[in-house]
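Spelled out, the chains give:
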Amino acid sequence: MQQINQIYINGQFVAPHGMELFDLHNPATAKVIAQVKLADEQDALDAIQAAKQAFPGFSRTSKATRVDYLKRMHAAVASVEAELTAAIIEEYGAPVSRAAWMAKHAANVLLEAANVLQDYDFTQRIGIADVTMQPLGVAGLITPWNSNAGFICGKLAAALAAGCTAVIKPSEMSALQTAIVTRALHQAGLPAGVFNIVTGRGETVGAVLSTHPDIAKISFTGSTAVGKHILRAGAETLKRITLELGGKSPVLILDDADLKQAIPMALQAGFMNSGQACIAGTRILVPANRLAEIEAMFVEHAANIRAGDPQDPNTSVGPMVSFKQWQRVQRYIHLGLEEGAHLLVGGPGLPDGIEAGWFVKPTVFSRVTNQMTIAREEIFGPVLSIITYKDEAEALAIANDTPYGLQAYILSSNLPKARALAAYIDAGRVLINTLAHEPRAPFGGFKQSGIGREYGTFGLEAFLEPKSVLA
Ligand code: NAP
Ligand code: MG
């Protein structure tokens, strides 16, 4: 069995001080595929020390030098794309087309950061002041398992573009991806200590990062509960904190929408990344007078959605990452039934014909009210809720009646009207008739979906502090 027993500190692959062994599973079979030796608090301290020592030199490198580093990192990660795709399928269970996109994305975010840095002015004159954007210091970067390689590369790209150094705590459930990305990034040949990668538990390595006085900044993606914990833990040292948390994104299907396009798109928005996506469109708001027609179309189109073997190119929904996540999703499906929602597609248990692995049936509930638990809490699995509205004012009210505000979708054949409604939605991003990503535009949440923004200039500035020199 594969052993992953190295972490990356100060430019070197080293054995962790930590002794705990963690079993890595293939979620499509539930079998153990590797053992990971986890880093502990001491490893986290060593990594912080290395990043602290590297900071004075790295923070003074020129923009051109850092653009060059990011381009080298991009080339290095791009060169392991195939290996990374295989690892994402094996340890995370992403369907092959999604996994390939995720591996490419991990490389692309580095190039995108290079382009943003290239065009960014670190100084400007305001009145009698020279205002300079100065890197914050050592950044702690904490990633989840639902896009581990992409988050490692994306957060690191922004931190390094700014001139910060970094300690990364990836999800231990993504240790294969982390090992591949770490080897590639090492090949890029950056100065020792500029980035350090310590796979360990959130309660140990993550806790050291979120409290240590030498960490100036935390960028975290994960659950809202842990995000709040990190914010509290960082308060003592007034860390700058970026949080990308959960979502319960509404999909507004307007009365004028072409349903032949809108329904498949709504299913895609809801089931993306096997439903394990913070931006998944999980509350589908539909005009009450078209419910019967819309329900029939959901049943028809959902029949084309295959849950199963992630290696099969026809699969669009893979397994849940862990047994714990599988149980969590099952619990919500049962809750939906208990709360009286109408089960339109899917339901509890394994999909037909599947006997092993953490698969769930892609599930759509209808006649859900926005007060039901399945409409309020993030499920993080392929479970969608159809909610009816009487008119657009009510649709907007329901869309915004949520503690979250990460993303929203509007499906309509009337673009000016959709744009007008978008202005009233409290979400970091509103996608009209598209599921596209714009890497130069800010990404992040309103309300309890988070604090701050990633990507583009906004993401770069999240690692910078303005300083005014008056003369
Ligand atoms: P999580 O606990 O928030 O994990 C995210 C990351 O934070 C992991 O690397 C985790 O390490 C780390 N962490 C945990 N406790 C920490 C602490 N006290 N201090 C610092 N870091 C800490 O998420 P999860 O338990 O894996 O998933 C639970 C739910 O979170 C999901 O069902 C979903 O609703 C949500 N989620 C959201 C996103 C998103 O993209 N916004 C991503 C993943 C999960 P460990 O792995 O060691 O716990
Ligand atoms: Mg956790």
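Model, not experiment: these values are computed from the prediction.

The rules behind these values
Residues numbered from 1 in each chain as written. Chains lettered and ligands numbered in written order. Predicted model: local features only at pLDDT ≥ 70, side-chain atom pairs only at ≥ 80, totals over all residues. Heavy atoms only, no water. Phe/Tyr/Trp six-rings, centres within 6.5 Å; stacked < 30°, edge-to-face > 60°. Helix = DSSP H or I, 4+ residues; strand = E, 2+ residues; numbered from the N terminus. Buried < 20%, exposed > 50% of the residue type's maximum accessible area, 1.4 Å probe, protein only. Pairing = 2+ DSSP bridges. Axes fitted to C-alpha atoms, helices over the stretch in contact; angles between N-to-C directions. Contact = heavy atoms within 4.5 Å. Salt bridge = Lys/Arg side-chain N within 4 Å of Asp/Glu carboxyl O. Near = heavy atom within 4 Å. Polar contact = N/O pair within 3.5 Å; in protein donor to acceptor, adjacent residues only side chain to side chain. Areas by Shrake-Rupley, 256 points an atom, 1.4 Å probe, with all protein chains shown as cover. 1 Å grid on protein atoms, 1.4 Å probe; cavity = no way out; pocket = protein on both sides within 12 Å on 5 of 7 lines; lining within 4 Å. Sits in = over half its atoms within 2 Å of the grid points. Nonpolar A, V, L, I, M, F, W, Y, C, P; charged D, E, K, R; others polar. Domains from an automatic or database assignment.

Here we come to the packing of aromatic side chains. Tallied over the full model, the rule gives 8 aromatic pairs. Seen from their ring centres, Phe 58 and Tyr 69 are 6.1 Å apart, and the 20° between their planes marks the pair as stacked. Of this pair, Phe 58 sits in helix α1 (residues 41-59) while Tyr 69 sits in helix α2 (residues 63-78), and the two are 11 residues apart along the sequence. Looking at Phe 58, the relative accessible area reads 3%, which means it is buried.

Taken in spatial order, the 7 strands of this open sheet run β15-β16-β17-β14-β13-β18-β19, and their pairing is mixed. Pairing within the sheet leaves two strands with one partner each, and these edge strands are β15 (342-345) and β19 (429-432). Across the sheet, the axes of successive neighbouring strands diverge by a mean angle of 25°, strand direction being ignored. Pairing of strand β13 (residues 249-253) with strand β14 (residues 281-287) involves 4 bridges; the strand directions are parallel. Across the sheet, Pro 250 pairs through a bridge with Arg 283, a residue of β14. In the packing of helix α14 (residues 415-422) onto the sheet, the strands contacted are β18 (407-411) and β19, and the crossing angle to β19 comes to about 165°.

Take the pattern of salt bridges next. Pairs may arise between side chains of opposite charge once their charged atoms sit close together. Tallied over the full model, the rule gives 18 salt bridges. For Lys 52, the salt bridge goes to Asp 214, with nearest N and O atoms at 3.3 Å. Within this pair, whereas Lys 52 is found in helix α1, its partner Asp 214 is found in the loop between α7 (202-211) and β11 (215-221), the two being separated by 162 residues in sequence. On the basis of relative accessibility, which here comes to 40%, the residue Lys 52 falls in the partly exposed class. Linking Lys 104 and Glu 81 is a salt bridge whose minimum nitrogen-to-oxygen distance equals 3.0 Å. Of this pair, Lys 104 sits in helix α4 (residues 96-118) while Glu 81 sits in helix α3 (residues 81-92), and the two are 23 residues apart along the sequence. Exposure remark for Glu 81: the relative accessible area of 22% places this residue in the partly exposed category. Counted as one network, the salt bridges with shared partners bring together Glu 20, Lys 169, Glu 172 and Arg 201.

To continue, consider the site of ligand 1. Close to ligand 1 lie 27 residues, the nearest being Trp 145, Glu 172, Gly 202, Ser 223 and Glu 378. Measuring from an oxygen atom of ligand 1, one finds a side-chain N or O atom of Glu 172 at 2.7 Å. The separation between an oxygen atom of ligand 1 and a polar side-chain atom of Glu 378 is 2.8 Å. For ligand 1, the accessible surface in isolation is 850 Å², of which the surrounding protein chains cover 91%. Most atoms of ligand 1, that is more than half of them, are within 2 Å of grid points of the second largest pocket. Looking at the shell around ligand 1, the elements that each hand over two or more residues are α7, β11, α8 (224-235) and α11 (323-338). In terms of residue count, the dominant contributor to the shell around ligand 1 is α7 (4 residues). Tallied by class, residues from the shell around ligand 1 come to 10 nonpolar, 10 polar and 7 charged. Each of domain 1 (2-245 + 447-470) and domain 2 (250-432) accounts for three or more of the residues forming the shell around ligand 1.

So, about the sheet that holds strand β5 (residues 31-37). One open sheet accounts for 3 strands, arranged β1-β5-β4; its pairing is mixed. Looking at which strands have only one partner, the edges of the open sheet turn out to be β1 (2-4) and β4 (21-26). The mean angle between the axes of side-by-side strands here comes to 30°, regardless of whether they run parallel or antiparallel. Where β1 lies against β5, 3 bridges are found, and the strand directions are parallel. Its bridge partner lying in β5, Ile 4 is registered against Val 36. Strands in contact with α3 are β4 and β5; relative to β4, the strand with the most contacts, it is inclined by about 100°. Taken strand by strand, helix α6 (residues 175-187) contacts β1, β4 and β5, and its axis lies near 65° from that of β1.

Taken residue by residue, a regular strand's side chains alternate between the two faces of the sheet. With burial as the criterion, only one face of strand β7 (residues 129-135) is covered, namely that bearing Ala 129, Val 131, Met 133 and Pro 135; the residues Asp 130, Thr 132 and Gln 134 on the opposite face remain uncovered. Counting the residues in the hairpin turn of strand β6 (residues 123-126) and β7 gives 2 residues, including Gly 127, whose phi is positive at 60°. With 7 bridges joining them, β7 and strand β21 (residues 464-470) adopt antiparallel strand pairing. By the bridge assignment for β21, Ala 129 is matched with Leu 470.

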